Amino acid sequence: MTRFRNDLRVRCVLGLAALLAVCVPSGTAQAAPASCQGADIPVTGVVPATMHGTLCVPAGGTADTVMVLVPGGTYNHTYWDFPYQPQTYNFRQAMNGAGYATLVVDRLGTGASSRPPSALVTASVQAGAVHQVIQALRGGRIGGTDFRKVILGGHSLGSLISVIEAGTYNDADAVVLTGITHRIVAQKIVDVFISSFYPAALDPAFAGRSYDPGYLTTRPGTRGTDFYAPATTDPAVLAKDEATKDVFSTAEAADGLGVAALLPYSRQIQHPVLLAVGDRDRYFCDPLGGNCTSAAALKAQEDPYFGSAACLHTYVQPGAGHDLNLATNTVPYQRAVRDWADTFVGAGPEPVAPPAKACV
């Protein structure tokens, strides 16, 4: 009888465990959602304006490092804070889950930021605005926390803006550049301007809003070819991308490509840099342009454009197009950014001393 009771207890325990296994998702427990708040940060430059951002702090509010994330042309904050299947495509959420605070901004002229005349919105002006945002974060003027460490991240045009900002002010502890290299496929850039970009005022998506002719967006139906690779494209992602697209000014595109990419701003960056691209990026990884066959090949190509203080690291996402965040295989890229950030900056208040071999 005693043996029967013991067997019964074991079976009950095993049965309860099986029930819990069905009811509780496998893997690590889901982290509590970050606490997010919007902010309009006053910035000065050519004209007084506000740059809108959303500050998200991991659950518990212990993060001492904030990532300032700048989107590219025809994008706003949704590029980094993508609403569709966020467990896969939301870069902001992934960084919060790794313990980092984030401030995702709308570039001037986009989203909820001010919209000055397009001729005044250059990449240099955008960089100056981002600099003022970083200073506000360090001074505790956004969300009440004075962040000690800042990682500046950009995508495409946002990366060019970040290069100007970091090379001019060097107020970020580290810099993440995505969707660019120093080897531009000029013909593809010219082609996309001719075939895909047109005044936002002509686009039905922006009907009823006032855009001067210098603000451009993409023609409906062109984003898949322009920004994605077929093998890593989810049609639902592409549809959401089209629905949330934004604008850029011709002045910031010309300034970004002509100044950030061609003048030696990148060599003036005095803090660690991670450069990440998709190997199917048609603007920077074409056979006529950048060598994106491997991280090592990309590093060998890009090293001359950075000083030793940048301790350049590179990452190539196989099969991804220009938009790394929105490729179906984006998770390994998110993990690479987290690992690099942990090595060179860290999410907590303590200083991080990377091992000597980290820069070899």
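The structure we're discussing is the one just above.
Residues numbered from 1 in each chain as written. Predicted model: local features only at pLDDT ≥ 70, side-chain atom pairs only at ≥ 80, totals over all residues. Heavy atoms only, no water.

J.: Before we go on, may I ask you to explain the overall build of the protein chain in this structure?
T.: Across its full length, the protein chain holds 11 helices and 11 strands. Looking at the protein chain as a whole, 52% of its 360 residues are labelled buried. Pairs at least 24 residues apart make up 73% of the contacts formed inside the protein chain by residues separated by at least 6 positions. Entry remark: accessible area of the protein chain is about 15,400 Å², with carbon and sulfur atoms responsible for 59%. (Helix = DSSP H or I, 4+ residues; strand = E, 2+ residues; numbered from the N terminus. Buried < 20%, exposed > 50% of the residue type's maximum accessible area, 1.4 Å probe, protein only. Contact = heavy atoms within 4.5 Å. Areas by Shrake-Rupley, 256 points an atom, 1.4 Å probe, with all protein chains shown as cover.)

J.: For this particular structure, what's the right way to read the pattern of salt bridges?
T.: Two side chains with opposite charge may pair up if their charged atoms get near one another. Tallied over the full model, the rule gives 10 salt bridges. With a shortest N-O distance of 2.8 Å, aspartate 241 and arginine 223 are connected by a salt bridge. Of the two residues, aspartate 241 sits in helix H8 (residues 235-243) while arginine 223 sits in helix H7 (residues 223-227), which places them 18 residues apart along the sequence. Residue aspartate 241 shares its accessibility class with arginine 223, and that shared class is buried. Overlapping salt bridges bring together Asp203, Glu242 and Lys245 as one network. (Salt bridge = Lys/Arg side-chain N within 4 Å of Asp/Glu carboxyl O.)

J.: It is not clear to me how the packing of helix H4 (residues 123-138) against helix H5 (residues 157-169) should be interpreted in this structure. Could you clarify?
T.: Geometrically, a packed helix pair is captured by the angle between its two axes and the distance between the axes. It is at 8 Å that the axes of H4 and H5 come closest, and there the two elements cross at 60°. Here H4 and H5 pass one another in a crossing that is right-handed. For the pair H4 and H5, contact is made by Ala123, Ser124, Gln126, Ala127, Gly128, Val130, His131 and Ile134 and by Ile161, Ile164, Glu165 and Tyr169, respectively. Residue composition of the contact of H4 with H5, by class: 7 nonpolar, 4 polar and 1 charged. (Axes fitted to C-alpha atoms, helices over the stretch in contact; angles between N-to-C directions. Left-handed = near helix turned anticlockwise from the far one by under 90°. Nonpolar A, V, L, I, M, F, W, Y, C, P; charged D, E, K, R; others polar.)

J.: Is there a simple way to explain the side chain of threonine 78 in this structure?
T.: Positionally, threonine 78 belongs in the loop between strand E3 (65-70) and helix H2 (86-89). A polar side-chain atom of threonine 78 sits 2.7 Å from a polar atom in the side chain of asparagine 76. (Polar contact = N/O pair within 3.5 Å; in protein donor to acceptor, adjacent residues only side chain to side chain.)

J.: Is there a simple way to explain the sheet that holds strand E7 (residues 197-199) in this structure?
T.: Note: strands within a sheet are paired through backbone hydrogen bonds, in either parallel or antiparallel orientation. Read across the open sheet, the 3 strands follow the order E7-E8-E9; overall the sheet is antiparallel. The outermost strands of the open sheet, each flanked by one partner alone, are E7 and strand E9 (248-249). Of the pairings in the sheet, the one linking strand E8 (residues 215-218) to E9 comprises 2 bridges and is antiparallel in character. Paired with leucine 216 across the two strands is phenylalanine 248, which belongs to E9. (Pairing = 2+ DSSP bridges.)

J.: Honestly, the sheet that holds strand E11 (residues 313-317) in this entry has me stumped. Any pointers?
T.: Strand order in the open sheet made by the 8 strands is E1-E2-E4-E3-E5-E6-E10-E11, with mixed pairing throughout. Of all strands in the sheet, those with a lone pairing partner are strand E1 (35-43) and E11, marking the two edges. Neighbour-to-neighbour, the strand axes of the sheet open up by a mean angle of 20°, direction not taken into account. Bridging between strand E6 (residues 174-178) and strand E10 (residues 273-278) involves 4 bridges; their strand directions are parallel. Of the residues in E10, the one forming a bridge with leucine 177 is leucine 275.

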